[in-house]
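Examination of the molecular architecture
In case you want the letters, here they are:
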Amino acid sequence: MTTHDTPAAGELAPLLEPLKALANPVRLQVLQWLREPEEHFPVNPAVTDPRAVGVCVSHIQAKTGLAQSTVSAYMAVLERAGLVRSTRVGKWTHYRRDEEHITWLIEELGRSVGDVHVAQLLAS
């Protein structure tokens, strides 16, 4: 007879939303692009600083080639998961990575799962 130790839902809850968000290849790609926004998106320092304020959702939409509603939904998932933060600038929403939360997630995964290469995945 085999017994299974099922982790309490509360123990895993903080990891589940970020992992679900990262399971989508487009959301993962956007998070990777936002790591080096100057390399992947048009930058106009007179309007915003992509590191401090973020990248306009219209630029993310243009780069992905997806519908605006799809990109907005994807960014909302990333924000709920704590992987990005949004800032309103006029009528536009800008997104940037939440590096503090991403660092916490990587450390927590290391403690919970063991030595995994999640850090390399998120950092690339």
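Before reading on, note that the structure itself is shown above.
Residues numbered from 1 in each chain as written. Predicted model: local features only at pLDDT ≥ 70, side-chain atom pairs only at ≥ 80, totals over all residues. Heavy atoms only, no water.

A few words now on helix H5 (residues 68–80). Helix length check: H5, at 13 residues, gives a terminal C-alpha distance of 18 Å against a target of 18 Å (1.5 Å per residue), a fit within 8%. Every buried residue of H5 is accounted for by Val71, Met75 and Leu78. All buried residues of H5 fall inside an arc of 55° around its axis, so they share one side. Relative to its buried face, H5 has exposed residues pointing more than 90 degrees away, namely Ser69 and Arg80. Phi turns positive one or two residues past the end of H5, at Gly82, with a value near 80°. (Helix = DSSP H or I, 4+ residues; strand = E, 2+ residues; numbered from the N terminus. Expected span 1.5 Å × (residues − 1). Buried < 20%, exposed > 50% of the residue type's maximum accessible area, 1.4 Å probe, protein only. Arc of directions from axis to C-beta.)

Checked against the element boundaries, Pro37 lands in helix H3 (residues 37–40). Overall, the relative accessible area of 2% leaves Pro37 in the buried class. Sequence separation of Pro37 and Gly54 is 17 residues, and the distance between their C-alpha atoms is 8.0 Å.

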